[in-house]
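The lines below spell out each chain.
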Amino acid sequence: MTPHISVVIPAYNAASTLPDCLRALSRQVDLPAPFEVLVIDDGSNDGTSDVVRQFLARQPLRAGFQSTLRLLQQPHVGAAAARNRGIQAARGELIFFTDADCVPADGWLAAMARPFEQPQVIGCKGIYATQQRELVARFAQVEYEVKYQALKSRQAIDFVDTYSAGYRRSALLAAGGFDSSFPGASVEDVELAFRLSKLGHRLIFNPAAVVWHRHPSTLAGYLGRKALYGFWRTRVYLRHPSKMGGDTYTPRAFWWQLPLACIWPLAAVIGLMWSPANWISIALLMLFWLTCLPFVRHAASRAEPDLALVAPVLLWLRALALAGGLLAGAIHLGYALVTSGAGTPRPAKEHHL
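The sections below set out a description of the structure shown in this document.

Cut-off values and rules
- Residues numbered from 1 in each chain as written.
- Predicted model: local features only at pLDDT ≥ 70, side-chain atom pairs only at ≥ 80, totals over all residues.
- Heavy atoms only, no water.
- Helix = DSSP H or I, 4+ residues; strand = E, 2+ residues; numbered from the N terminus.
- Rg over C-alpha atoms; globule rule 2.2 N^0.38 Å.
- Buried < 20%, exposed > 50% of the residue type's maximum accessible area, 1.4 Å probe, protein only.
- Phe/Tyr/Trp six-rings, centres within 6.5 Å; stacked < 30°, edge-to-face > 60°.
- Lys NZ or Arg CZ within 6 Å of the ring centre and 35° of its normal.
- Core = buried A, V, L, I, M, F, W, Y, C linked by side-chain atoms within 4.5 Å.
- Contact = heavy atoms within 4.5 Å.
- Pairing = 2+ DSSP bridges.

### Side note on the overall build of the protein
- Secondary structure assignment for the protein yields 11 helices and eight strands.
- Taken over C-alpha atoms, the radius of gyration comes to 21 Å for the protein, in line with the 20 Å a tight globule of 353 residues would show.
- Taking the principal axes of the C-alpha coordinates as reference, the protein spans close to 75 × 55 × 40 Å.
- Burial analysis of the protein (353 residues in total) assigns 53% to the buried set.

Encoded structure:
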């Protein structure tokens, strides 16, 4: 039977996490239609492909699932190219994306398919959940949840990331898929969503489509990821400059936090030499704290007083990491544009499939 849904999973050195993802897909309930799973091994060197083969041979699975699990292999060229390979090979009319380190909830497929009963819906975005108890991981989860609250009030969104996402295959093909000039898993999924939204396609938020995830549990890992995100986000802003003023996913408080977090240290240093600047420093801190209130309230509502207490400090560090990444990305882009043009982004109109 030809599948109606194709689940595409890019995998790079994912041997330790991929089995949980595949087992979760084999446990799906209330299946809306026949589906297939495509794992695209993006040049792994840890035996990721062997994991898929062993899974096919040994795992007790739902009847019919084994025949719809396919393995594709390619040299290591990045998550965007891997997803494009999956789009090309997919036989389903709908393509759902998740990551190899995600564990879809048992009803994920059914929940993801539901919005597409409306023909005008082209794509949808699901949510992260986690059971981690480390402070930084809980902070990351609350960060997502605050953004999800903002999305719930939107009739349409412009921001879809591919840990839990669905699209009509025809729209992906028409748009040219993901831009494979983005290396690794950076912000290529956001750029695609911005592009589709600009074309007038309707994308919606789908909070019922849940995948479980392990967020960074150390401060260094979390801040490093934010800095990298900021670095590649400059390319997205070059192609979609209107998004510098905001998108449907990013709370307004964030855009205040970036400049406040960067200016406060300067005001504090000046205050050491000129005492009136201390009042400016205090005012900046108070303004920053006010921008943290929605996050603090949400953390408190989860009965996590320790997180609510340290949230302003972590939000300040997050803003500095993002600002540093954005600055580094802008410098890198400027250098590439001034020199021979090597490394400059491809035009958005170019097809990447």
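### Re the packing of aromatic side chains
- Using the criterion set out here, one finds 16 aromatic pairs in the structure.
- Judged by centre distance (5.7 Å) and plane angle (85°), the ring pair of Trp264 and Trp316 falls under edge-to-face. Here Trp264, found in helix H9 (residues 252–273), pairs with Trp316, found in helix H11 (residues 305–338); they are 52 residues apart in sequence, far enough to count as distant.
- An aromatic cluster is defined as three or more aromatic residues linked by ring pairs; in this entry it consists of Tyr128, Tyr144, Tyr148, Tyr163 and Phe205.
- Here the guanidinium or amino end of Arg83 rests over the ring plane of Phe178, the centre of that ring lying 5.4 Å away.
- When the ring centre of Phe194 is taken as origin, the NZ or CZ atom of Lys243, which lies over that ring, is 5.1 Å away.

### Things to note about the nonpolar core
- In terms of nonpolar packing, the biggest core is built from 70 residues, with Val7, Ile9 and Phe96 touching the most fellow members.
- In terms of residues, this core owes the most to one element, strand S8 (residues 202–213), which gives six residues.
- Contacts of Ile9, omitting those with residues within four sequence positions, involve Leu18, Cys21, Leu22, Leu25, Val37, Leu38, Val39, Ile40, Thr98, Asp99 and Ala100.
- Membership of the second largest hydrophobic core comes to 27 residues, among which are Val146, Leu258, Ala299 and Ala319.

### Considering the pairing of strand S6 (residues 121–129)
- Most of S6 sits inside the fold, with nine of its nine residues counted as buried.
- As paired strands, S6 and S8 are joined by seven bridges and run parallel to one another. Within the sheet, the bridge partner assigned to Ala129 lies in S8 and is Trp212.

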